[in-house]
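Given next are the chains, with one letter for each unit.
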Amino acid sequence: MTEDFAREKAAASAWFRSLRDSIVAAFEALEDSQASGPFAGEPAGRFEVTETRRASGDGSDAGGGLMSVMRGGRVFEKVGVNVSTVHGHLGEKAQKSMAARKDLDLSEDPRFWASGISLVAHMQNPHTPAVHMNTRMFWTPKAWWFGGGADLNPCLEYGEDTQHFHKSLEAACNLHDPDYYERFKHWADEYFYIPHRKRARGVGGIFYDDLNTGNWEADFAFTKSVGEAFLPAFLPVTETRRTMAWGPAEKEAQLVHRGLYAEYNLVYDRGTKFGLETGHDPNAVLMSLPPLAKWI
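Everything numeric in this text was worked out from a predicted model, so none of it was measured.

About the thresholds
- Residues numbered from 1 in each chain as written.
- Predicted model: local features only at pLDDT ≥ 70, side-chain atom pairs only at ≥ 80, totals over all residues.
- Heavy atoms only, no water.
- Helix = DSSP H or I, 4+ residues; strand = E, 2+ residues; numbered from the N terminus.
- Rg over C-alpha atoms; globule rule 2.2 N^0.38 Å.
- Contact = heavy atoms within 4.5 Å.
- Areas by Shrake-Rupley, 256 points an atom, 1.4 Å probe, with all protein chains shown as cover.
- Polar contact = N/O pair within 3.5 Å; in protein donor to acceptor, adjacent residues only side chain to side chain.
- Buried < 20%, exposed > 50% of the residue type's maximum accessible area, 1.4 Å probe, protein only.
- Pairing = 2+ DSSP bridges.
- Axes fitted to C-alpha atoms, helices over the stretch in contact; angles between N-to-C directions.
- Parallel < 35°, antiparallel > 145°, perpendicular 65-115°, else oblique.
- Expected span 1.5 Å × (residues − 1).
- Bend = angle between axes of the 7 residues up to and from the residue.

A. Local environment of the overall build of the protein. Along the backbone of the protein there are 8 helices and 9 strands. For the protein, the C-alpha radius of gyration of 19 Å lies close to 19 Å, the compact-globule estimate for 296 residues. Taking the principal axes of the C-alpha coordinates as reference, the protein spans close to 60 × 45 × 35 Å. Once local pairs closer than 6 in sequence are excluded, the contacts in the protein between residues at least 24 apart make up 69%. Taken as a whole, the protein presents about 13100 Å² of accessible surface, with 53% of it coming from carbon and sulfur.

B. Expanded view of the side chain of arginine 241. Among the secondary structure elements, arginine 241 is positioned in helix H5 (residues 216-241). At a separation of 2.8 Å, a polar atom in the side chain of arginine 241 contacts the side chain of aspartate 161. Ignoring sequence-local partners within four residues, the contact set of arginine 241 consists of Asn125, His127, Thr128, Tyr158, Glu160 and Asp161.

C. Structural detail: the pairing of strand S4 (residues 111-123). With respect to burial, S4 is a largely interior element, 11 of its 13 residues being buried. Bridging between strand S3 (residues 76-89) and S4 involves 13 bridges; their strand directions are antiparallel. Bridge pairing in S4 links valine 81 to leucine 119. Inspection of the sheet shows S4 paired to strand S5 (residues 130-140) by 9 bridges, in the antiparallel sense. Pairing of leucine 119 across the sheet is with methionine 133, part of S5. Between the end of S4 and the start of S5, which pair antiparallel, lie 6 residues.

D. Representation of the sheet that holds strand S9 (residues 204-211) in the model. On the basis of which strands lie adjacent, the open sheet formed by 7 strands has the order S1-S2-S3-S4-S5-S6-S9 and antiparallel pairing. What marks the edges here is a single partner per strand, and that holds for strand S1 (48-55) and S9. Neighbour to neighbour, the strand axes of the sheet diverge by 5 degrees on average, direction disregarded. When S5 meets strand S6 (residues 143-153), the two strands line up antiparallel, connected through 11 bridges. Bridged to methionine 133 within S6 is alanine 150. Sitting on the sheet, helix H1 (residues 6-33) touches S1, strand S2 (61-71), S3, S4 and S5, and the angle it makes with S4 is about 10 degrees. Packed on one face of the sheet, H5 meets S3, S4, S5, S6 and S9 and runs near 10 degrees to S6.

E. Layout of the environment of glutamate 92. Mapped onto the fold, glutamate 92 is located in helix H2 (residues 92-102). Classification of glutamate 92 by relative accessible area gives exposed; the value is 57%. A C-alpha to C-alpha distance of 9.4 Å links glutamate 92 and leucine 106, two positions 14 residues apart in sequence.

F. Region of the structure containing the side chain of asparagine 134. Relative to the helices and strands, asparagine 134 is located in strand S5. For asparagine 134, a relative accessible area of 9% corresponds to the buried category. Polar side-chain contacts of asparagine 134 include one of 2.3 Å to the side chain of arginine 136. Excluding its chain neighbours within four sequence positions, the residues that come into contact with asparagine 134 are Ile117, Ser118, Gly147, Gly148 and Gly149.

G. Highlighting the packing of helix H3 (residues 159-174) against helix H4 (residues 180-191). One can describe the packing of H3 onto H4 by two numbers: an axis separation of 8 Å at closest approach and a directional angle of 130 degrees. Between H3 and H4, the angle falls in the class oblique. Contact residues: His166, Leu169, Glu170 and Cys173 in H3; Tyr180, Tyr181 and Lys185 in H4.

H. Region of the structure containing H5. If you check H5, its first and last C-alpha atoms are 39 Å apart, about what 26 residues at 1.5 Å a residue would give, namely 38 Å. Of all the bends in H5, the greatest, near 30 degrees, is centred on alanine 229, and the proline proline 232 appears no more than four residues after it. A distance of 3.2 Å separates the backbone nitrogen of glutamate 217 from a side-chain oxygen at the start of H5, and that oxygen is part of asparagine 215.

Right under this line is the structure:
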């Protein structure tokens, strides 16, 4: 490996982009195939793609990405699929956070590089669960690591949907390490817990961060398996629920649950905090927020 990980960075960045392309194509195909329900007569949803750019403190280029958002579709009320590759120098606050998490002193060389994909989908039909997925790679001169995962967020839970989602992620984990699923499932249960509500934001999934076994190829392969498991985990659930009848009570439950989702992302989510602290496009960072929500 080269000292600055140039080859590894390029491979990771390219793969996140290819995963983004696959998911966007699959979601637009889902929109095309929606033939019943209250929105079937509307035009099929399409992603609006915006290039995002990030500038360093001195105004020089610091990377960017693509923000892809679909609004008001037949199946998706709002879904964002963002990819980015950014670099620069970590500010003092970010350095302290890194030191607390990973015991890394970056004060003499605070350079960083990060690339990843982040997806959040909020659905039209309240029976169809919202979903989140991300995978990412982070590099500093002293360490590199991967992170990511996926979790399901239904407002109306169906046990078979939860089981299918988890089984899909478990199969992806088992390709690499038989201990990964239980370990990362437990991490997700802790990470996606909302302390001030004393409850989880959904039915979980897997979450991992700071993954560095010392074998970059193996850790990258695992991260790819997590990303590749997303569509098989989520699409069958959507296919089952997207034409179910719903009324005001179900919509109310969905809007209230979205309030819970928004609270978590604004107060606790690590990716949201990092994106805003490092000067990334706030519209891209806050893409995860639902279009409508309600508090009671």
